[in-house]
Amino acid sequence: MQTFGRYTGNIITITVEQMRMVDYLMENKYGINMFQMMENAGRSMALLSRKYFVDEKISDKKIAVLAGKGGNGGGALVAARRLKNWGADVKVFLSNSINELKTITKVQLNILQKIAVPIFPAHDLNNDHRFDMILDGMYGYALQGSPDPMSAYMIDWANDQQCPVISLDTPSGIELETGKINTHTIRADATLTIALPKKGLLCKDCLKYTGGLFLADICVPPELYKELHLERTIPDYFSTGDIVQLCSIN
């Protein structure tokens, strides 16, 4: 299967509550654990990041990874590991202290520490930094309300930079259930959403923040979607690649 493809069919969205059920069923019924899903999401983010450069050569590119404390942050840390292995100059900036990270995210951070990826607190970000790309992994579908002050600082910093920004699942600052755009919201050049596009992501105003919209296969079984009555969206979803650009979305 090719890595990248295009999808031109009709795609329905998934609610935040349905996505929580997808995560639950993946682990508890199908035995596909969060580490596996996180690895798939992070690998896809790294692949999309590499493709963003004209020659697809990532060596020595300076990349900032902005990571939150939850699963979205963990996916971004997987991407950081992949990019570092491919020769990129990666620096990670955390919106929370290490002690505040969820266990699964902390595991990913420990791997990065062992392979000498520099880790910094968010307040170390300043306009003296110059990067070729920024990866946004601060918030996923769980955001309700405004970003916390440190994440808001990171979002504003990223929006002030003159390099591409790629968001994982959603630009941080969008509430995916309703499509509400908070005052501090990432303006991404590309967004790699996972599994299915979340309901709020396809609101007209939100599309001004997503940039190019891509979808990544994290290996959700079609049988699982049938349980949620979403089977109409699935059959040829990733037939042209395990990362697809979404062209026509209902």
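Residues numbered from 1 in each chain as written. Predicted model: local features only at pLDDT ≥ 70, side-chain atom pairs only at ≥ 80, totals over all residues. Heavy atoms only, no water.

## Section: the packing of aromatic side chains
Point 1. One pass over the structure, following the stated rule, counts three aromatic pairs.
Point 2. Each ring, one from Phe-131 and one from Trp-157, has its centre 6.0 Å from the other, and the planes form 80°; the classification is edge-to-face. Within this pair, whereas Phe-131 is found in the loop between strand S4 (119–121) and strand S5 (133–137), its partner Trp-157 is found in helix H5 (residues 149–160), the two being separated by 26 residues in sequence. Side by side, Phe-131 and Trp-157 carry an identical accessibility label, which is buried.
Point 3. When the ring centre of Trp-86 is taken as origin, the NZ or CZ atom of Arg-50, which lies over that ring, is 4.0 Å away.
Point 4. Residue placement shows Lys-51 over the ring face of Phe-4; its charged tip is 4.8 Å from the ring centre. (Phe/Tyr/Trp six-rings, centres within 6.5 Å; stacked < 30°, edge-to-face > 60°. Helix = DSSP H or I, 4+ residues; strand = E, 2+ residues; numbered from the N terminus. Buried < 20%, exposed > 50% of the residue type's maximum accessible area, 1.4 Å probe, protein only. Lys NZ or Arg CZ within 6 Å of the ring centre and 35° of its normal.)

## Let's talk about the pairing of strand S6 (residues 165–168)
Point 1. Here S6 shows no split at all, with Val-165 and Ser-167 on one side and Ile-166 and Leu-168 on the other all buried.
Point 2. One ladder, built from three bridges, connects S5 with S6; its direction is parallel. If you follow Asp-136 over to S6, its bridge partner there is Ser-167.
Point 3. In this region the chain leaves S5, passes through H5 and returns to the parallel neighbour S6; the handedness of that crossover is right-handed.
Point 4. Here S6 pairs with strand S9 (residues 190–194) via three bridges, running parallel. Paired with Ile-166 across the two strands is Ala-190, which belongs to S9. (Pairing = 2+ DSSP bridges. Right-handed = clockwise from strand over helix to strand, strands pointing away.)

## What about the pairing of S5?
Point 1. Counting buried residues along S5, five of its five residues qualify, which places the element largely inside the surrounding structure.
Point 2. Neither face of S5 is exposed, since Met-133, Leu-135 and Gly-137 on one face and Ile-134 and Asp-136 on the opposite face are all buried.
Point 3. As paired elements, strand S2 (residues 62–67) and S5 share five bridges and run parallel to each other. What sits directly across from Leu-66, in S5, is Asp-136.

## Re a nonpolar patch on the surface
Point 1. Together, Phe-35, Val-107 and Ile-111 give the surface a local cluster of nonpolar side chains, amounting to about 210 Å² of exposed area.
Point 2. Topologically, Ile-111 is positioned in helix H4 (residues 103–114). (Patch = residues over 30% accessible without salt bridge, like charges linked within 9 Å, V, L, I, M, F, W, Y side chains within 5 Å. Areas by Shrake-Rupley, 256 points an atom, 1.4 Å probe, with all protein chains shown as cover. Salt bridge = Lys/Arg side-chain N within 4 Å of Asp/Glu carboxyl O.)

## Here's the deal with the pattern of salt bridges
If charged atoms from side chains of opposite charge come close, those side chains can pair.
Point 1. By the definition in use, this model includes ten salt bridges.
Point 2. Note that Glu-227 is salt-bridged to Lys-29, the shortest N-O span being 2.9 Å. Residue Glu-227 is located in helix H7 (residues 222–227), and its partner Lys-29 is located in the loop between helix H1 (16–28) and helix H2 (34–52); the two are separated by 198 residues in the primary sequence.
Point 3. Classification of Glu-227 by relative accessible area gives partly exposed; the value is 34%.
Point 4. The closest approach of N and O atoms between Lys-198 and Asp-169, which form a salt bridge, is 2.8 Å. In this pair, Lys-198 sits in the loop between S9 and helix H6 (207–210) while Asp-169 sits in the loop between S6 and strand S7 (174–175), placing the two residues 29 residues apart along the sequence.
Point 5. Among the residues examined, Lys-198 registers a relative accessible area of 0% and is labelled buried.
Point 6. Three or more residues are tied together by salt bridges with common partners; here these are Glu-39, Arg-81 and Arg-82.

## Quick look at the packing of helix H3 (residues 71–85) against H4
Point 1. Following both chains from N to C, one finds H3 and H4 inclined at 20°, their axes separated by 8 Å at the closest point. One element, H3, and the other, H4, form an angle in the roughly parallel class. For the element pair H3 and H4, the recorded crossing hand is left-handed. Side by side, H3 and H4 meet where Gly-71, Gly-73, Gly-74, Leu-77, Val-78, Ala-80 and Arg-81 of the first sit next to Thr-105, Gln-108, Leu-109, Ile-111 and Leu-112 of the second.
Point 2. A breakdown of the residues in the contact of H3 with H4 according to their chemical character gives six nonpolar, five polar and one charged. (Axes fitted to C-alpha atoms, helices over the stretch in contact; angles between N-to-C directions. Parallel < 35°, antiparallel > 145°, perpendicular 65-115°, else oblique. Left-handed = near helix turned anticlockwise from the far one by under 90°. Contact = heavy atoms within 4.5 Å. Nonpolar A, V, L, I, M, F, W, Y, C, P; charged D, E, K, R; others polar.)

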